[in-house]
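One-letter residues, chain by chain:
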Amino acid sequence: NAYITDVIAEALSLGFKEIIVSGVQFPSGFGLDLAGYRVGDDTRDKAKVLADCVSTWQAQCKNAGAVCWFEYSSVPALGSGDAATVANPFTYGAEHLLLDFADSVKEVDGVMQLDSALFAAAAAKSAQNGAPALAMRISGGKLSGDALLSAASAANDAGFVSAAIQ
């Protein structure tokens, strides 16, 4: 927590107005005691620990007049990943969630596609849990230009405020 707080402070001091913190979660498998979340002597559950981290970093950015985005892969965020490490990032109190849909791209009849229903599902979870700003990222060059435009349009229709296509 302290290390990321320091990194955010340095970025803010350099004039950055938007910060992306990616993968706020517990490690999977082993090393949980090495993550610096004080889980061994902490009575809070994992989701509460993560929510506290999000709250701290979000307030740090707000106080500096900046925005803090929290990025997650769409797969665990929408419930098909490792719930033990991510739980439900929609419930951490983040005001700005960035979902990377690269892992959700599937090949259908030889064409790489992204199911636009995923955007509606993410928007519904966001509305349910009070995360007011959603953005999407599709990275890795998996989709054609037409498919990217279609995905960006579907995300916009679902209420996403921003789209980053890499």
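The structure contained in this document is the topic of the report that follows. Since the model is a prediction, treat every value here as computed from it, not as a measurement.

## Concerning the packing of aromatic side chains
A full pass over the atoms with the stated rule returns four aromatic pairs. A centroid spacing of 4.7 Å and a plane angle of 55° characterise the contact between Phe 101 and Phe 119, whose relative ring orientation is tilted. Separated by 18 residues along the polypeptide, Phe 101 in the loop between β3 (96-100) and β4 (106-108) and Phe 119 in helix α5 (residues 117-129) bring together distant segments of the chain. Judged by its relative accessible area of 0%, Phe 101 is buried. For Phe 119, a relative accessible area of 1% puts it in the buried group.

## Describing the pairing of strand β1 (residues 18-22)
Residues Ile 19 and Val 21 line the buried face of β1, whereas the alternating positions Glu 18, Ile 20 and Ser 22 sit on a face that is not buried. Bridge count between β1 and strand β2 (residues 67-73): five bridges; the pairing is parallel. Bridge assignment links Val 21 to a residue of β2, and that residue is Phe 70.

## Quick notes on α5
Look at α5: 19 Å from first C-alpha to last across 13 residues, which is about the 18 Å you get at 1.5 Å a residue. Listed as buried for α5 are Phe 119, Ala 122, Ala 123 and Ser 126. Projected down its long axis, α5 shows its buried positions confined to an angular sector of 100°, all on one face. Packing partners of the buried residues in α5 comprise β3, β6 (133-138) and α6 (145-158). Just beyond α5, the residue with positive phi is Gly 130, at close to 80°.

## Focus on the pairing of β3
For β3, the tally of buried residues reaches five of five residues, placing the bulk of the element in the interior. Here β3 shows a buried face lined by His 96, Leu 98 and Asp 100 and a second buried face lined by Leu 97 and Leu 99. Bridge analysis of β2 against β3 gives four bridges, and the strand direction is parallel. Residue pairing across strands places Glu 71 opposite Leu 98, the latter belonging to β3. Relative to β6, β3 runs parallel, the two being bridged by five bridges.

## Re the nonpolar core
Membership of the largest hydrophobic core comes to 40 residues, with the highest contact counts inside it found for Phe 70, Phe 101 and Phe 119. Listing elements by their share of this core, those giving two or more residues are α1 (2-13), β1, α2 (46-63), β2, β3, α5, β6 and α6. Tallying contributions element by element places α2 first for this core, with seven residues. Residues contacting Phe 119, with those up to four places away along its chain left out, are Phe 101, Leu 114, Met 136, Ala 151, Ala 154, Ala 155, Ala 158 and Phe 160.

About the thresholds
- Residues numbered from 1 in each chain as written.
- Predicted model: local features only at pLDDT ≥ 70, side-chain atom pairs only at ≥ 80, totals over all residues.
- Heavy atoms only, no water.
- Phe/Tyr/Trp six-rings, centres within 6.5 Å; stacked < 30°, edge-to-face > 60°.
- Helix = DSSP H or I, 4+ residues; strand = E, 2+ residues; numbered from the N terminus.
- Buried < 20%, exposed > 50% of the residue type's maximum accessible area, 1.4 Å probe, protein only.
- Pairing = 2+ DSSP bridges.
- Expected span 1.5 Å × (residues − 1).
- Arc of directions from axis to C-beta.
- Contact = heavy atoms within 4.5 Å.
- Core = buried A, V, L, I, M, F, W, Y, C linked by side-chain atoms within 4.5 Å.

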